[in-house]
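Residue-level structural notes
Given next are the chains, with one letter for each unit.
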Amino acid sequence: MTILDKCVEYLFRGLAASNHRQGEDSWFKSLFVRKVDPRKDAHSNLIAKKETSNLYKIQFHNVKPECLDAYNKICEDVLPSIHADKHYPCELVGTWNTWYGEQDQAVHLWRYDGGYPALTEVMSKLRQNKEFMEYRNERGKMLLSRKNQLLLEFSFWNEPVPRKGPNIYELRSYQLRPGTMIEWGNYWARAIGYRQENSEAVGGFFSQIGELYMVHHLWAYKDLQSREDTRNAAWQQEGWDECVYYTVPLIQHMESRIMIPMKSSPLQ
């Protein structure tokens, strides 16, 4: 019998013996399982803003091309009234049509002051709002599909506030590898400092419900050339290249949308 044969026989004898011990981990499995130090807290508690209890909802509506103008009209008729009504603990942060990227798509970003209880309160009250329910029924006839995510904001990003236009907005969405959110946050806590020169940073968010390990960065630019110039300028700052180098391997998929604000958007 060769040395290799003896090693294999030894391994399988150990496996057979361990199977008789109830309540113990497999001896064979233990050879390959990496021991991980237990995490003391959820990543959302480590990288989210502590000074606010805001919860965000982002909505993606894919609209039938022939219905886009009508869709924008009903949104402009109804959404600002909910935003302005103090009866609802929520605000419309911004509402856009995509220009480049996904076509015939609307994106809405809402903020709920008070977290999940505020979201529950708003949803309950909207079901009693006749105007909103009529809007929702009419909207449904115009959509091909829709999805949403519930988000928290990164502690190191700007708080999104109303902005005068005209601007274009870029929504950069990143699907991260599971388990890398804190690492992403650590690098971007430094990287965001390189992207404040032209006040282009609007907000940064990560998902809690919906597609998980999703990150959204929202940027504002005067136009596409301004976007190009601003992004190129970041590469001239020492340290930006290092942040990009270490965060790229954390990404499974990324997407960019260039968006135009609707008339009713607080972010113009």
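Residues numbered from 1 in each chain as written. Predicted model: local features only at pLDDT ≥ 70, side-chain atom pairs only at ≥ 80, totals over all residues. Heavy atoms only, no water.

Looking at the confidence of the model for the protein
For any part of a model where pLDDT is low, the fine detail of the predicted coordinates should not be relied upon. Counting all residues, the mean pLDDT for the protein is 86, and 81% of those residues have values of 70 or more. Within the protein, the element-level pLDDT minimum falls on helix α2 (residues 27-30), averaging 42, and the maximum on strand β5 (residues 168-176), averaging 98. (pLDDT = per-residue confidence, 0-100. Helix = DSSP H or I, 4+ residues; strand = E, 2+ residues; numbered from the N terminus.)

A word on the environment of Glu-211
Structurally, Glu-211 can be placed in the loop between β6 (201-209) and β7 (214-221). In the structure, Glu-211 is positioned 61 residues away from Leu-150 in sequence and 9.2 Å away in space, judged by C-alpha atoms. If sequence neighbours within four positions are ignored, Glu-211 has contacts with Lys-147, Gln-149 and Gln-175. At 2.9 Å, the side chain of Glu-211 forms a polar contact with the side chain of Lys-147. (Contact = heavy atoms within 4.5 Å. Polar contact = N/O pair within 3.5 Å; in protein donor to acceptor, adjacent residues only side chain to side chain.)

Focus on a nonpolar patch on the surface
Together, Trp-99, Tyr-100, Leu-224 and Ile-260 line one region of the surface with nonpolar side chains, adding up to about 350 Å² of accessible area. As for its placement among the helices and strands, Ile-260 is situated in strand β8 (residues 251-261). With relative accessibility at 32%, the residue Ile-260 sits in the partly exposed group. (Patch = residues over 30% accessible without salt bridge, like charges linked within 9 Å, V, L, I, M, F, W, Y side chains within 5 Å. Areas by Shrake-Rupley, 256 points an atom, 1.4 Å probe, with all protein chains shown as cover. Salt bridge = Lys/Arg side-chain N within 4 Å of Asp/Glu carboxyl O. Buried < 20%, exposed > 50% of the residue type's maximum accessible area, 1.4 Å probe, protein only.)

Overview of the nonpolar core
Membership of the largest hydrophobic core comes to 51 residues, with the highest contact counts inside it found for Phe-154, Trp-184 and Trp-188. Among the elements that take part in this core, helix α4 (residues 68-84) stands out by supplying 7 residues, more than any other. In this structure, Tyr-56, Tyr-169, Leu-218 and Met-259 belong to the second largest nonpolar core, which totals 16 residues. (Core = buried A, V, L, I, M, F, W, Y, C linked by side-chain atoms within 4.5 Å.)

Brief notes about the pattern of salt bridges
Following the criterion strictly, the structure yields 10 salt bridges and no others. For Glu-159, the salt bridge goes to Arg-111, with nearest N and O atoms at 3.4 Å. Taken as a pair, Glu-159 in the loop between β4 (143-153) and β5 and Arg-111 in strand β3 (residues 105-113) lie far apart in primary sequence, 48 residues in all. The partner of Glu-255 in a salt bridge is Arg-257, with the nearest N and O atoms 3.8 Å apart. Note on Glu-255: relative accessible area 27%, which makes it partly exposed. Residue Arg-257 is classed as buried on the basis of its relative accessible area, which comes to 4%.

Concerning the sheet that holds strand β1 (residues 54-63)
Judged by pairing direction, the barrel is antiparallel, and its 8 strands sit side by side in the order β1-β3-β2-β8-β5-β7-β6-β4 before closing back on the first. Neighbour-to-neighbour, the strand axes of this sheet turn through a mean angle of 35 degrees, independent of strand direction. Sitting on the sheet, helix α7 (residues 181-191) touches β5, β6, β7 and β8, and the angle it makes with β7 is about 25 degrees. (Pairing = 2+ DSSP bridges. Axes fitted to C-alpha atoms, helices over the stretch in contact; angles between N-to-C directions.)

Focus: the side chain of Asn-72
Mapped onto the secondary structure, Asn-72 falls in helix α4. Apart from residues no more than four positions distant in its own chain, Asn-72 is found in contact with Asn-97 and Met-262.

Some details on the environment of Ile-258
In this structure, Ile-258 sits in strand β8. Residue Ile-258 is classed as buried on the basis of its relative accessible area, which comes to 6%. Sequence-distant contacts of Ile-258, that is, excluding residues within four places in its chain, are made with Asn-97, Thr-98, Trp-99, Tyr-100, Ile-168, Tyr-169, Glu-170, Leu-224 and Arg-227.

Let's talk about the packing of α7 against helix α9 (residues 240-247)
Direction vectors running N to C along α7 and α9 enclose 165 degrees, while the axes themselves pass 10 Å from each other. When the interaxial angle is binned, α7 and α9 end up roughly antiparallel. Taken as a pair, α7 and α9 cross one another with a handedness that is left-handed. Mapping the contact onto sequence places Trp-184, Tyr-187, Trp-188 and Ala-191 in α7 and Trp-240, Cys-243, Tyr-246 and Thr-247 in α9. (Parallel < 35°, antiparallel > 145°, perpendicular 65-115°, else oblique. Left-handed = near helix turned anticlockwise from the far one by under 90°.)

Looking at helix α5 (residues 115-126)
With 12 residues, α5 should reach 16 Å at 1.5 Å per residue; the first-to-last C-alpha distance of 17 Å fits that figure. For α5, the full list of buried residues reads Gly-115, Ala-118, Leu-119, Val-122 and Leu-126. In an axial view of α5, the angular spread of the buried residues amounts to 100 degrees, which keeps them on one side of the axis. In α5, the exposed positions angled more than 90 degrees off the buried face are occupied by Pro-117 and Thr-120. If you follow the buried residues of α5, they end up packed against β1, α4, β2 (90-100), β3, α6 (130-140) and β4. (Expected span 1.5 Å × (residues − 1). Arc of directions from axis to C-beta.)

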